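Spelled out, the chains give:
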Amino acid sequence: MKITKAVIYLTILLLIISTLATLKLEAASDGLDQYGFPFTFYDSFSGKCDNCYENFGFKPFNLLLDFLFAFICAYVIVRLKSTFSENQH
């Protein structure tokens, strides 16, 4: 149960940190706001243009992929930590 909780908490933490560390907030100056790492799950555009990027909004599949990526990273980290801590005793 300890490992499960650790993986869940670390998954959430990794998702939040990776999203905040890689977000782009450029919509205020005729740019694009983007959230998500490694896949962008939300895009927003503000400004005028003729051939603008048209795939705006929330992309639930990309958010799911980001969760999966964070989960895999968290699982590997927790397993490595538990393996090394078992070898110490």
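The structure contained in this document is the topic of the report that follows. Fair warning: this is a prediction, and the values are worked out from it, not measured in the lab.

1. Things to note about the pairing of strand β3 (residues 42–45)
For step 1, the next point in the chain: Pairing geometry for strand β2 (residues 32–35) and β3, over 4 bridges, is antiparallel. Considered in β3, the bridge of Asp33 is made with Ser44.
For step 2, the next point in the chain: Relative to strand β4 (residues 57–58), β3 runs antiparallel, the two sharing 2 bridges. For Asp43, the partnering residue across the bridge sits in β4 and is Gly57.

2. Focus on the sheet that holds β4
For step 1, the next point in the chain: The 4 strands are arranged β1-β2-β3-β4 in an open sheet whose pairing can be described as antiparallel. Each having just a single partner strand, β1 (24–25) and β4 make up the two edges of the open sheet.

3. Overview of the packing of aromatic side chains
For step 1, the next point in the chain: By the definition in use, this model includes 3 aromatic pairs.
For step 2, the next point in the chain: Ring centres 5.8 Å apart and planes at 50° place the aromatic pair Tyr35 and Tyr42 in the tilted group.
For step 3, the next point in the chain: Owing to a relative accessible area of 32%, Tyr42 belongs among the partly exposed residues under this scheme.
For step 4, the next point in the chain: Plain terms: the ring middles of Phe37 and Phe69 are 6.1 Å apart, the flat faces sit at 80° to each other, and that makes the pair edge-to-face. With Phe37 in the loop between β2 and β3 and Phe69 in helix α2 (residues 60–88), the pair connects residues that are 32 residues apart, well separated along the chain.

4. Observations regarding the pattern of salt bridges
Between side chains of opposite charge, pairing is possible as soon as their charged atoms come close.
For step 1, the next point in the chain: Summed over all chains, the structure comprises 1 salt bridge.
For step 2, the next point in the chain: Asp43 is the salt-bridge partner of Lys59, the closest N and O atoms lying 2.6 Å from each other. One end of the pair, Lys59, is in the loop between β4 and α2; the other, Asp43, is in strand β3, and 16 residues separate them in sequence.
For step 3, the next point in the chain: Exposure remark for Asp43: the relative accessible area of 2% places this residue in the buried category.

5. Quick look at the environment of Leu10
For step 1, the next point in the chain: With respect to the helices and strands, Leu10 occurs in helix α1 (residues 2–22).
For step 2, the next point in the chain: Sequence separation between Leu10 and Val78 is 68 residues, and the spatial gap between their C-alpha atoms is 8.5 Å.
For step 3, the next point in the chain: When near neighbours in sequence (up to four residues on either side) are disregarded, Leu10 contacts Ala74, Ile77 and Val78.

6. Considering the packing of α1 against α2
For step 1, the next point in the chain: For the pair α1 and α2, the least separation of the axes is 8 Å and the interaxial angle reads 130°. Of the possible angle classes, the one that applies to α1 and α2 is oblique. Here the hand of the crossing between α1 and α2 comes out right-handed. Touching Ile3, Ala6, Val7, Leu10, Thr11, Leu14 and Leu15 of α1 are Asp66, Phe67, Ala70, Phe71, Cys73, Ala74, Tyr75, Ile77, Val78 and Arg79, all from α2.
For step 2, the next point in the chain: Grouping the constituent residues of the contact of α1 with α2 by class yields 14 nonpolar, 1 polar and 2 charged.

Definitions and limits used
Residues numbered from 1 in each chain as written. Predicted model: local features only at pLDDT ≥ 70, side-chain atom pairs only at ≥ 80, totals over all residues. Heavy atoms only, no water. Pairing = 2+ DSSP bridges. Helix = DSSP H or I, 4+ residues; strand = E, 2+ residues; numbered from the N terminus. Phe/Tyr/Trp six-rings, centres within 6.5 Å; stacked < 30°, edge-to-face > 60°. Buried < 20%, exposed > 50% of the residue type's maximum accessible area, 1.4 Å probe, protein only. Salt bridge = Lys/Arg side-chain N within 4 Å of Asp/Glu carboxyl O. Contact = heavy atoms within 4.5 Å. Axes fitted to C-alpha atoms, helices over the stretch in contact; angles between N-to-C directions. Parallel < 35°, antiparallel > 145°, perpendicular 65-115°, else oblique. Left-handed = near helix turned anticlockwise from the far one by under 90°. Nonpolar A, V, L, I, M, F, W, Y, C, P; charged D, E, K, R; others polar.

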